[in-house]
Amino acid sequence: MALLTRFRSSIPWSELRQQFRRLPGRCYNSTVATAEAAAKLQELAMMEENCILVNERDEPLGNASKRDCHRVDSNGDIRLHRAFSVFLFNSKGEMLLQRRSTHKITFPDCYTNACCSHPLHDIEGEREELNALGIRRAAQRRLNYELGIPLNQVRPENFHFLTRIHYLDRGDGIWGEHEVDYILFLQKDVDLKPNESEVREVRYISRDQLDQQIGDLRAPLTPWFRLILAHRLKLWWDNLHRLKKFENLSTIERF
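Let me begin by describing the structure that accompanies this report. Computed from a predicted model, the values in this text were never measured in an experiment.

## Section: the overall build of the protein chain
Here is step 1: A count of helices and strands for the protein chain gives eight helices and ten strands.
Here is step 2: Partitioning the intrachain contacts of the protein chain with sequence separation of at least 6 by distance along the chain shows that 68% fall at a separation of at least 24.

## Some details on the pairing of strand β3 (residues 81-89)
Here is step 1: Among the nine residues in β3, nine count as buried, and that is most of the element.
Here is step 2: On β3, burial covers both faces: H81, A83, S85, F87 and F89 on one face and R82, F84, V86 and L88 on the other are all buried.
Here is step 3: In terms of strand pairing, β3 meets strand β8 (residues 177-187) through nine bridges, oriented parallel. Across the sheet, the residue bridging to L88 is L186, located in β8.
Here is step 4: As paired elements, β3 and strand β6 (residues 115-117) share three bridges and run antiparallel to each other. From the neighbouring strand, S85 faces β6, where its bridge partner is C116.

## So, the pattern of salt bridges
Here is step 1: Per the stated rule, a full pass over the model turns up 19 salt bridges.
Here is step 2: R57 is the partner of E59 in a salt bridge, and the nearest nitrogen-oxygen pair spans 3.0 Å.
Here is step 3: Taking relative accessible area as the criterion, R57 reaches 59% and is therefore assigned exposed.
Here is step 4: One network of salt bridges, with partners in common, ties together R99, D109, R200, E201 and R203.

## Considerations on the nonpolar core
Here is step 1: Core analysis: the biggest nonpolar cluster contains 29 residues, and F87, M95, F185, I214, F225 and L233 have the highest contact counts within it.
Here is step 2: Where this core is concerned, the elements lending two or more residues are β3, β4 (95-100), β7 (160-169), β8, α6 (210-215), α7 (223-231) and α8 (233-237).
Here is step 3: Counting residues per element, this core draws most heavily on α7, which supplies four residues.
Here is step 4: Core analysis: the next-biggest nonpolar cluster, separate from the first, contains 26 residues, I52, V154, F161 and V199 among them.

## Description of the packing of aromatic side chains
Here is step 1: The final tally for this structure, using the stated rule, is eight aromatic pairs.
Here is step 2: When the ring of F185 is compared with that of W236, the centres are 5.6 Å apart and the planes differ by 85°; the resulting orientation is edge-to-face. Here the residue F185 occupies a position in strand β8, and W236 occupies one in helix α8, the gap between them amounting to 51 residues.
Here is step 3: According to the relative accessible area criterion, F185 is buried, its value standing at 3%.
Here is step 4: The exposure class of W236 is buried, given its relative accessible area of 2%.
Here is step 5: Clustering of aromatic rings is evident, with ring pairs tying together F87, F89, F185, F225, W236 and W237.
Here is step 6: The lysine or arginine in question, R71, covers the ring of W175, its NZ or CZ lying 4.3 Å from the ring centre.

## Digging into helix α5 (residues 133-147)
An α-helical turn contains 3.6 residues, so any two residues separated by three or four positions project in the same direction.
Here is step 1: Along its 15 residues, α5 runs 21 Å from first to last C-alpha, staying within 8% of the 21 Å computed at 1.5 Å per residue.
Here is step 2: Those residues of α5 not exposed but buried are G134, I135, R136, A138, A139, Q140, R142, L143, E146 and L147.
Here is step 3: Just beyond α5, the residue with positive phi is G148, at close to 70°.

## Describing unusual backbone geometry
Here is step 1: The phi angle at F107 is positive, at roughly 50°, despite the residue not being glycine.
Here is step 2: Its place among the elements puts F107 in the loop between β4 and β5 (111-112).
Here is step 3: We classify F107 as buried; its relative accessible area is 14%.
Here is step 4: A positive phi angle is found at A132, which is not glycine, with a value near 55°.
Here is step 5: Take A132: it is sitting in the loop between β6 and α5.
Here is step 6: A132 sits in the buried class, given a relative accessible area of 5%.

Cut-offs used in this document
Residues numbered from 1 in each chain as written. Predicted model: local features only at pLDDT ≥ 70, side-chain atom pairs only at ≥ 80, totals over all residues. Heavy atoms only, no water. Helix = DSSP H or I, 4+ residues; strand = E, 2+ residues; numbered from the N terminus. Contact = heavy atoms within 4.5 Å. Buried < 20%, exposed > 50% of the residue type's maximum accessible area, 1.4 Å probe, protein only. Pairing = 2+ DSSP bridges. Salt bridge = Lys/Arg side-chain N within 4 Å of Asp/Glu carboxyl O. Core = buried A, V, L, I, M, F, W, Y, C linked by side-chain atoms within 4.5 Å. Phe/Tyr/Trp six-rings, centres within 6.5 Å; stacked < 30°, edge-to-face > 60°. Lys NZ or Arg CZ within 6 Å of the ring centre and 35° of its normal. Expected span 1.5 Å × (residues − 1).

This is the structure we're talking about:
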């Protein structure tokens, strides 16, 4: 009930009903809140968290809710904000691929890298810019939340910050992405316990079978993963043992 009260003040009921209609018919009725409906409510609640707005030089401009940061306006614009993408490899050099939950508001049921999310303006430590420490802290938090990886297995100092990528994708024309995306690599064997509200499937894929395995997927790729796959991933993957050589921390890449 407390969660529903929060929605009365933050999300118009017309919009909430519209979101519910996208759920399968069996997922809700007048008296029973199912797991699917609860997951959708949780996703909507998280859309009220505040992202860090930035300009094209990645300089902070303030904050706005995730919902406002991912809405495509009438001119086709989306507010630019800070994000990160984690690429996780095990000790064999295999990469973790995640399939996003069907409850995700942006790019549901798409395959992507291990974890993709945002540092939050609401968390002071995630606004720290020196050595991308705030981004690393946010990555630790989200890997724990989405994939159930224990916090002590993914400490901020474990991440290798490679570069930033600025991209725009208008998605379905209602929800999209416009981000300065920090690229983090991590090679480590970790314990996984995926959160079913966030993640539909996880699998490790090998470098030598990358093209075949991507081609065999029965769902689309997220736009940021598709972009990185096309321009940088293979080069970085082939050089996991010497990533420092490929760092680009001074400029923001655009493809």
